[in-house]
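Fold and geometry: a report
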Amino acid sequence: EAMMRVDALGSKTIFGQLAIDLTCADKRKQPLKMKLEALAQTIAHLSYAGSIAIAVSFMFKQLVIDNHFNLPEITDYISKFGVVVHDCVTAVILAIIVVVCAVPEGLPTMIAVVLSLNMSRLLDDQVLVRHLLGIETSGCLEILFTDKTGTITEGTFS
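Rules used throughout
Residues numbered from 1 in each chain as written. Predicted model: local features only at pLDDT ≥ 70, side-chain atom pairs only at ≥ 80, totals over all residues. Heavy atoms only, no water. Patch = residues over 30% accessible without salt bridge, like charges linked within 9 Å, V, L, I, M, F, W, Y side chains within 5 Å. Areas by Shrake-Rupley, 256 points an atom, 1.4 Å probe, with all protein chains shown as cover. Salt bridge = Lys/Arg side-chain N within 4 Å of Asp/Glu carboxyl O. Helix = DSSP H or I, 4+ residues; strand = E, 2+ residues; numbered from the N terminus. Buried < 20%, exposed > 50% of the residue type's maximum accessible area, 1.4 Å probe, protein only. Axes fitted to C-alpha atoms, helices over the stretch in contact; angles between N-to-C directions. Parallel < 35°, antiparallel > 145°, perpendicular 65-115°, else oblique. Contact = heavy atoms within 4.5 Å.

A cluster of nonpolar residues, Phe-81, Val-85, Val-89, Ile-93 and Ile-97, forms a patch on the protein surface that exposes about 470 Å² of accessible area. With respect to the helices, strands and loops of the structure, Ile-97 is situated in helix H4 (residues 81-102). Exposure remark for Ile-97: the relative accessible area of 43% places this residue in the partly exposed category.

Shown next as structure tokens:
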């Protein structure tokens, strides 16, 4: 038989604090998140421009090319209100399809896989990263300075 004294439980232990640090969000903007936001903005702008171009080109095809560039046929087409509305709705649907298809669905999954691979590489080198921000920025490191105990407390030297 043995007796054991428990001084702390849950979040008051070292492992509990480590779990809290890994799950809570950091107040700083993460570099990867900033780059992904910029990429998302670029993809959104390109998809909007592409969808407008496709909608306009579809309507040009329906209005001018399908009517053989003949002005009387074009005016006859315009006088058919139901056909014009149907073609406009089709052009809007095509534009929406382009915007939806432009969003990369696998990007968040790929980023999660890359971050987990980086975490395992650091763990192989016996480096424990307490904040996920450290994993994202560790890809840019060439030299890492630590204090005499091997830890970085604030990331600055005094």
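Resuming the write-up.
Of note, His-68 is a non-glycine position whose phi angle comes to about 60 degrees, a positive value. If you check the backbone angles, Phe-69 has positive phi at about 55 degrees while not being a glycine. Tracing the backbone through its elements, the reader meets Phe-69 in the loop between helix H2 (31-65) and helix H3 (71-79).

If you walk through the whole model with that rule in mind, you get three salt bridges. Note that Asp-7 and Arg-5 form a salt bridge whose closest N and O atoms lie 2.9 Å from each other. Residue Arg-5 is classed as exposed on the basis of its relative accessible area of 69%. As a salt-bridge pair, Lys-61 and Asp-66 come within 2.9 Å of each other at their nearest N and O atoms.

Relative orientation of the contacting elements H3 and H4 amounts to 85 degrees, with a least axis distance of 5 Å. In terms of their interaxial angle, H3 and H4 are classed as roughly perpendicular. Every residue of H4 that contacts H3 at Tyr-77, Ile-78 and Ser-79 is listed here: Phe-81, Val-83, Val-84 and Asp-87.

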